[in-house]
Amino acid sequence: MTCFCSKSFAQSNQDNTLKGIIKDSNNEVVDGATLYLKSGIDGQTIKQTLSNKDGNFSFTVKAGTYLIFISYLGTLSYQSELLKLTGNMDVGVITIKTTARSLKEVVIQSSMSKPLVKIEGRKMIYNIEKSITAQGLNGLEALRKTPGVVVNQDNTITLNGASAALVMINGRQTYLQAEELTQLLKSMSASDLKAIEVIKNPSAEYDAAGTGGIVNLVLQKSIAEGFNGTINNGVAFGITLKQNTNLNLNFRKGKFNAFGSYNHNFGHFAMDYDYDRTTNGKVYINSNHDVDKKHTIGSTVGLDYAIDTTKTIGMVMNGNFSSGGGLITPTTNIFDQLTGALLQTLKSESSYPAQRARRYNANLNYRYKGSNRISLDIDADYGIFDAATENLSTNAFYSAEGTFQSSNNFLVANSRNIKLYAVKGDYGFPIGKGRMLTGAKFSEVNAKNVFDQYDANGSVNVIDINLSNTFDYKEQISAGYLKYETPINDALSFDLGVRLEHTHSEGNLLPTEGSSQSATSVVRNYLNVFPTAAITYKTKQEGTYNLSFARRVDRPAYNNLNPFSYPVDELSYWKGNPFLQPQYANTLALQYSYKKTTIAASYTHTSDISSTITEVIKGSIINMVPRNIGFQNNINLTVTQQIRLAKWWNMSLTGIGYRLENKVGTIDYGNYNRSRFAGTINIQQTFNLPSHITAEAIGMVNSKNISGLNTYIRGNSQVDIGLQKNLMHEKATLRIAASDILRKNKIITDTELNNLLLHTTYVGESRQIRLSFTYRFGNTKIKSKDSRQSGLENESQRL
């Protein structure tokens, strides 16, 4: 392990020297190891250096408490105990264990493999790069595997049964809504992801959006010297064959680092869903078969330049694209509720001859990390999202005997264009024993949605000016925050913060020229205060208690404010609500961690909670409208346990139990008070088998729960298995995996609302078998001391 001999000298108020020497297990000095000196109070990196050719290193710092971390050849090789520095200190020889894998290179064999799930401060981290069954998935599918994260049927993302969560990518904002965010995540590859972080109660430096918390997708980034890369090719089969490719390249030389990536997912994805309802004496039995034929492509290029050891500038550009057709074939049988007799049948077909989405984003950043915990981060972002869809819908009614009665065909052409600008700065500096963080941010989003509907019953499509419109939306958010963190003593510390966010928004409904519609404009200005606080206590037995509070917000999605009615089919419409208000959440959380065990409890109160309400109009037509419907209480308990059952068998267990209480209601449907206990169990196991084969088995079970005004979601489950073997002197990896092998991951809901009964069933192509081959090439030796992740750290995006 290590030989740790220290020599303490006379106490001094001046700068002190902390030094030592690094040797390997063969008692030879180690040249080029990266050392991080971190604060023993908050874990912040204060200084960074390399060991020289004689293995020596030194830091010049003030008196205080510190930790030393040593990374060599890409692996964390050493972590010191807490060092109390009162004068010059020589820690002597630190011995790190190394193992020669070949004559050409030396690598580190970590004494403890990285677990699939771990807790770090307020974050739960799902190390998806360690998951065999995650390889070959896209970003959206990877999110579904994260403990506590639920991707709903409408593609909204929630945490632990709470309201909407904020999804970030490398901490950067995309400002996309559920539909656009889905396309972006599908254009990403799980092979690009290093980890998925779940933050239930973020502090003041984070954007306040996301009442359920934050989900952050952390991308891979190489820190090896020279040229290196990874290529992954895979195929998957569920109902049809699919193919995915992922390529990552990196070149690092001296002060320069250039990197890039490319990935694609080609193939068709099928789903089946039913939408049955009973109202006004009739029963509507609806079934749909949906085939999505879009192909997705994603790419990234970036460059970093280290001005000196404290300053770095960089740029990152991303492009994500999807295109292709689609086909939905709905059939609706209409029955008399009393007699059960078939009255009529509606046969429809929705074809998508053209679907495309394009996203471009550019980021410029500057990083300064000076001595004495002074830091400055500046980011500027510019992004464009452009999408268009054409949907030709044919609808034919038939009598119970099968005789044709009538038809109505229409073409919908919908285009969406979003432009965003954001600039942000964060500055940190010491005050007394603690540290002050302060920052400001400005963001602007301009969204334009054009909806044109055409009568397609004749030989020429004719625009219906009364069913066509343009909706322009502009939103500006100005924010600033202060946060102070400080120790009270060696065991107790706290942080206190406040964030101010001013929102100005303007939505304009612009009817097509000649339409009988009236123009509508809704302007809003509101200022919100978001306090945060936390106190941490560390016991002498390595246990840690953390008590935290945060207030957060969910602003309405842009399209949810559009008061226009969109047809889904002849019997179903969706309509926005220009008077929809933001919803706010206050969360109090207590977390206890001890070695491999973490227990967290929280209480969240969400006011003005919004949900889509299904209303009956004109006797048989349903209209889906988002409304503020009341408030919700959520009491949550999460237990995470890492278990080593044998040298070859490790397990990560996450259990989540919560009680939801919805006190909601509408003017038309009255008040409802619904509550229910619910839970999730996620078990991830890894097995080290003979012949250098690794196996993985993951099981997930969700209990019945409630959502929205009055919807019950039935329980579901999923079991995934996978095998992995390294080849070619560990430069290559072969994996085979099967997901949802029992095909139990179905979303089934039941809703009862006065004279309306709804039953929905959604079955996606979750059961697949996947084969992938990964090859790593180029240099893998670590010489760089810059391992930061670029990007707008505290950016977020609207769901």
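Please refer to the structure higher up on the page.
Attention now goes to the overall build of the chain. Helix and strand counts for the chain come out as two helices and 50 strands. Over its C-alpha trace the chain gives a radius of gyration of 28 Å, about what one expects of a compact globule, namely 28 Å for 799 residues. Here the C-alpha coordinates of the chain stretch approximately 95 × 55 × 45 Å along the principal axes. Burial analysis of the chain (799 residues in total) assigns 51% to the buried set. When contacts within the chain are restricted to residue pairs at least 6 apart in sequence, long-range pairs at least 24 apart make up 66% of them. Placing the 82 positive and 66 negative side-chain charges of the chain at their respective mean positions leaves the two points 8 Å apart.

The next thing to look at is the nonpolar core. Ile 128, Leu 143, Ile 157, Leu 185, Ile 196, Val 215 and Leu 217 are the most contacted members of the largest nonpolar core, which totals 48 residues. Per-element accounting of this core gives the leading share, four residues, to strand 29 (residues 404-431). With sequence-adjacent residues up to four places away left out, Ile 128 is seen in contact with Ala 134, Gln 135, Ala 142, Ala 190, Leu 193, Lys 194, Ala 195 and Ile 196. Within the second largest apolar cluster, 21 residues are counted, among which are Val 30, Leu 35, Ile 70 and Met 89.

Moving on: unusual backbone geometry. If a residue is not glycine, its phi is most likely negative; likewise, a peptide bond is most likely trans. Positive phi outside glycine occurs at Asn 280, with the angle close to 50°. Looking at the secondary structure, you find Asn 280 in the loop between strand 22 (269-279) and strand 23 (282-292). Judged by its relative accessible area of 46%, Asn 280 falls in the partly exposed class. Unusually for a residue other than glycine, Asp 740 sits at a positive phi of about 45°. Within the element layout of this structure, Asp 740 appears in the loop between strand 47 (732-739) and strand 48 (747-753). You can call Asp 740 buried: its relative accessible area is 0%.

Together, Val 235, Phe 237, Leu 241, Leu 689, Leu 723, Met 728, Leu 734, Ile 736, Ile 769, Leu 771 and Phe 773 make up a nonpolar patch on the protein surface, roughly 950 Å² of accessible area in all. Put simply, the parts of the chain that give the nonpolar patch at least two residues each are strand 19 (226-237), strand 47 and strand 50 (768-778). Here the element with the most residues in the nonpolar patch is strand 50; it accounts for three residues. Its location among the elements puts Leu 689 in strand 42 (residues 670-689).

What follows is about the packing of aromatic side chains. All chains considered together, the criterion is met by 14 aromatic pairs. On the basis of an interplanar angle of 45° and a centroid distance of 5.3 Å, the ring pair of Tyr 382 and Tyr 421 is categorised as tilted. Placement of the pair is Tyr 382 in strand 28 (residues 375-399) and Tyr 421 in strand 29, with a sequence separation of 39 residues. Between Tyr 398 and Phe 404 the ring centres are 5.8 Å apart and the planes differ by 75°, which places this aromatic pair in the edge-to-face class. On the basis of relative accessibility, which here comes to 47%, the residue Phe 404 falls in the partly exposed class. Feature note: the residues Phe 227, Tyr 775 and Phe 777 constitute an aromatic cluster, connected by ring pairs.

On the surface, a cluster of positive charge is contributed by Arg 743, Lys 744, Lys 746 and Arg 767. On the secondary structure map, Lys 746 appears in the loop between strand 47 and strand 48.

Let us look at the layout of surface pockets. In this structure, the second largest pocket encloses a volume near 270 Å³. Those elements giving two or more residues to the lining of the second largest pocket turn out to be strand 36 (565-569) and strand 40 (621-646). For the lining of the second largest pocket, the residue count by class is eight nonpolar, four polar and one charged.

Turning to the sheet that holds strand 17 (residues 193-199), a few remarks are in order. Here five strands make up an open sheet; going across it, the order is 12-13-17-18-16 and the pairing mixed. A single partner strand is all that each edge strand has here, and the edge strands are strand 12 (117-120) and strand 16 (166-169). Each adjacent strand pair in this sheet contributes to an overall mean axis angle of 20°, direction not counted. Here strand 12 pairs with strand 13 (residues 123-126) via four bridges, running antiparallel. Paired with Glu 120 across the strands is Lys 123, a residue of strand 13.

Bringing the pattern of salt bridges into the picture now. Tallying each qualifying case throughout the model produces 17 salt bridges. As a salt-bridge pair, Glu 501 and Arg 499 come within 2.8 Å of each other at their nearest N and O atoms. The class of Glu 501 is buried, set by a relative accessible area of 1%. For Arg 499, a relative accessible area of 3% puts it in the buried group.

The rules we used
- Residues numbered from 1 in each chain as written.
- Predicted model: local features only at pLDDT ≥ 70, side-chain atom pairs only at ≥ 80, totals over all residues.
- Heavy atoms only, no water.
- Helix = DSSP H or I, 4+ residues; strand = E, 2+ residues; numbered from the N terminus.
- Rg over C-alpha atoms; globule rule 2.2 N^0.38 Å.
- Buried < 20%, exposed > 50% of the residue type's maximum accessible area, 1.4 Å probe, protein only.
- Contact = heavy atoms within 4.5 Å.
- Lys, Arg positive; Asp, Glu negative; His and termini not counted.
- Charge placed at Lys NZ, Arg CZ, Asp CG, Glu CD.
- Core = buried A, V, L, I, M, F, W, Y, C linked by side-chain atoms within 4.5 Å.
- Patch = residues over 30% accessible without salt bridge, like charges linked within 9 Å, V, L, I, M, F, W, Y side chains within 5 Å.
- Areas by Shrake-Rupley, 256 points an atom, 1.4 Å probe, with all protein chains shown as cover.
- Salt bridge = Lys/Arg side-chain N within 4 Å of Asp/Glu carboxyl O.
- Phe/Tyr/Trp six-rings, centres within 6.5 Å; stacked < 30°, edge-to-face > 60°.
- 1 Å grid on protein atoms, 1.4 Å probe; cavity = no way out; pocket = protein on both sides within 12 Å on 5 of 7 lines; lining within 4 Å.
- Points joined across faces, edges and corners; volume = space filled by probe spheres on them.
- Nonpolar A, V, L, I, M, F, W, Y, C, P; charged D, E, K, R; others polar.
- Pairing = 2+ DSSP bridges.
- Axes fitted to C-alpha atoms, helices over the stretch in contact; angles between N-to-C directions.

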